[in-house]
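A closer look at the structure
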Amino acid sequence: MGLRDEIRSDLDALVGGAWSVREGRVVPGTDDVRLFTNDAVKLDAVYLYADLLGSTRLARDFPWETAGKVIRAALRTASKIIESYGGEIRSYDGDRVMAIFITGAKNTTAAECALKINYAMRRIVEPALYAEFPELERAGFDVRMSVGIASGDAVITRAGVRGSSDLVSIGRAPNIAAKLSDIRAEAYYRVYITESVYHSLLEDSKYDNDGNDMWSRYVTDVGGERMTTYRTSYWWGIG
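Read on for an overview of the structure. (Residues numbered from 1 in each chain as written. Predicted model: local features only at pLDDT ≥ 70, side-chain atom pairs only at ≥ 80, totals over all residues. Heavy atoms only, no water.)

1. Side note on the environment of Y130
Going by this rule: Only DSSP runs of H or I reaching four residues or more are called helices, and only runs of E reaching two or more are called strands; each is numbered from the N terminus. Only protein chains enter the accessibility calculation, which uses a 1.4 Å probe. A residue is then buried if its area is under 20% of the maximum for its type, exposed if over 50%, and partly exposed in between. Residue contacts are defined here by distance: any two heavy atoms, one from each residue, within 4.5 Å place the two residues in contact.
With respect to the secondary-structure elements, Y130 resides in helix α4 (residues 106–132). Its relative accessible area of 13% is what places Y130 among the buried residues. Separated by 92 residues in sequence, Y130 and V222 have C-alpha atoms that sit 34 Å apart. Setting aside residues no more than four positions away along its own chain, Y130 makes contact with L136, E137, F141 and D142.

What follows is the structure, given as structure tokens:
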């Protein structure tokens, strides 16, 4: 069978076949979703994307050895914090990590995780990198991650070919979370959440010790849609 015939055969199965969708109680791994059928797992989940800022400048203005260590340090730190909060990491895309939360007060958990990522970048990762690579500080390169969080139904399926496949999340929640992590309007704000996530937050992650709301309302275009979001410049310390 030639390549053209293989592609047509795959399309007949993928496009023409019915979906087999099951409710997920845990975040599936790659081996939990079949590749060659229209297998899918539906989740009620919170998606978190953490994206390193300034990666284009990093690659352009600094040696690859420096850029590589900045990216790895940021992703490693964010991933450790995500795992400590029970988040399930399901993809890395260059300088970005994506995680899924499905249990307990998942909106609050994801928001607190984002606040700690904000703290870690400013107070732990950046000083360590500046000490090793003072040229970063001299050039005014701030080590920051922008975090986007959205909640809702999503469907996870598997795409690719045998030996080179990965899980794919389909739905508004993953799509919106990814776009929120791309917001660069004001450097002061580094965490963006949807309105539904904000209204689901427990009070401890909504108000500071003085009773002030840590989140401010922000209306912006997200993927061509005018949307009410909430953003914050707060961070939470790590013991």
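2. Let's talk about the packing of aromatic side chains
The condition that has to hold: Aromatic rings from Phe, Tyr and Trp, with only the six-membered ring used for Trp, were paired whenever their centres fell within 6.5 Å, and each pair was classed as stacked if the ring planes differed by under 30 degrees, edge-to-face if by over 60, and tilted otherwise.
Summed over the entire model, instances satisfying the criterion amount to 4 aromatic pairs. The interplanar angle of 75° and the centroid separation of 6.0 Å between the aromatic rings of F62 and F141 together place this pair among those described as edge-to-face. Of this pair, F62 sits in the loop between α2 (55–61) and α3 (64–84) while F141 sits in the loop between α5 (134–138) and β5 (145–161), and the two are 79 residues apart along the sequence. With respect to class, F62 is no different from F141; both count as buried. With centroids separated by 3.8 Å and ring planes inclined at 5°, the aromatic side chains of Y198 and Y230 adopt a geometry described as stacked.

3. Here we look at the packing of α3 against α4
Let me state the cut-off plainly: A fitted line through C-alpha atoms serves as each axis, taken over the contacting stretch for helices, and the angle formed by two N-to-C directions is quoted from 0 to 180°. Should the near helix be turned counterclockwise from the far one by less than a right angle, the crossing is left-handed, whereas a clockwise turn marks it as right-handed. Throughout, the ten residues Ala, Val, Leu, Ile, Met, Phe, Trp, Tyr, Cys and Pro are labelled nonpolar, Asp, Glu, Lys and Arg are labelled charged, and all others, Gly among them, are labelled polar.
Remark: α3 packs on α4, axes separated minimally by 10 Å, with the N-to-C direction vectors making an angle of 145°. α4 is crossed by α3, and the crossing has right-handed handedness. Residue-level inspection shows K69, V70, A73, A74, T77, A78, I81 and I82 of α3 in contact with α4, the latter providing C113, K116, I117, A120, M121, V125 and L129. Along the lines of polarity and charge, the residues of the contact of α3 with α4 split into 12 nonpolar, 1 polar and 2 charged.

4. Observations regarding the nonpolar core
Counted only if it meets this: Nonpolar core, defined: a set of buried Ala, Val, Leu, Ile, Met, Phe, Trp, Tyr and Cys residues in which side-chain atoms within 4.5 Å join the residues together.
Counting residues in each nonpolar core, the largest one holds 43 residues, and the members touching the most others are L48 and I117. Contributing elements (two or more residues each) for this core: β2 (39–52), α3, β4 (96–101), α4, β5, β7 (191–194) and α7 (195–200). At 11 residues, the largest contribution of residues to this core is made by α4. If we skip the residues at most four places from it in the chain, L48 touches I82, V97, M98, A99, F101, A110, C113, A114, V147, G148 and I149. By size, the runner-up hydrophobic cluster in this structure holds 25 residues, among which are Y47, I176, I183 and Y192.

5. What to know about the pattern of salt bridges
Note the cut-off: Whenever a carboxyl oxygen of Asp or Glu lies within 4 Å of a side-chain nitrogen of Lys or Arg, that contact is scored as a salt bridge.
The full count for this structure, using the stated rule, is 13 salt bridges. A salt bridge links R34 to D39, with the nearest nitrogen and oxygen atoms 3.7 Å apart. Accessibility expressed as a relative area gives 0% for D39, which makes it buried. Measuring nitrogen to oxygen at the nearest pair gives 3.5 Å for the salt bridge that ties R226 to D221. For R226, a relative accessible area of 56% gives the class exposed. Connected through shared salt-bridge partners, R22, R34 and D39 make up one network.

6. A short note on a negative patch on the surface
For clarity, the cut-off: Every patch collects residues that have over 30% relative accessible area and no salt bridge, joining them within 9 Å if they carry like charges and within 5 Å if they are nonpolar side chains (Val, Leu, Ile, Met, Phe, Trp, Tyr). Every accessible area reported is derived by Shrake-Rupley at a probe size of 1.4 Å, with residue values counting cover from the shown protein chains alone. Positive residues here are Lys and Arg, negative ones are Asp and Glu, while His and the chain termini are left out of the count. By convention, charge coordinates are those of NZ in Lys, CZ in Arg, CG in Asp, or CD in Glu.
Taken together, the side chains of D5, E6, D10 and D12 present a region of like negative charge at the surface. Position of D10 among the secondary structure elements: in helix α1 (residues 3–16). On the basis of relative accessibility, which here comes to 44%, the residue D10 falls in the partly exposed class.

7. Considering a nonpolar patch on the surface
Together, L3, I7, L11, L14 and V15 make up a nonpolar patch on the protein surface, roughly 510 Å² of accessible area in all. The class of L14 is partly exposed, set by a relative accessible area of 45%.

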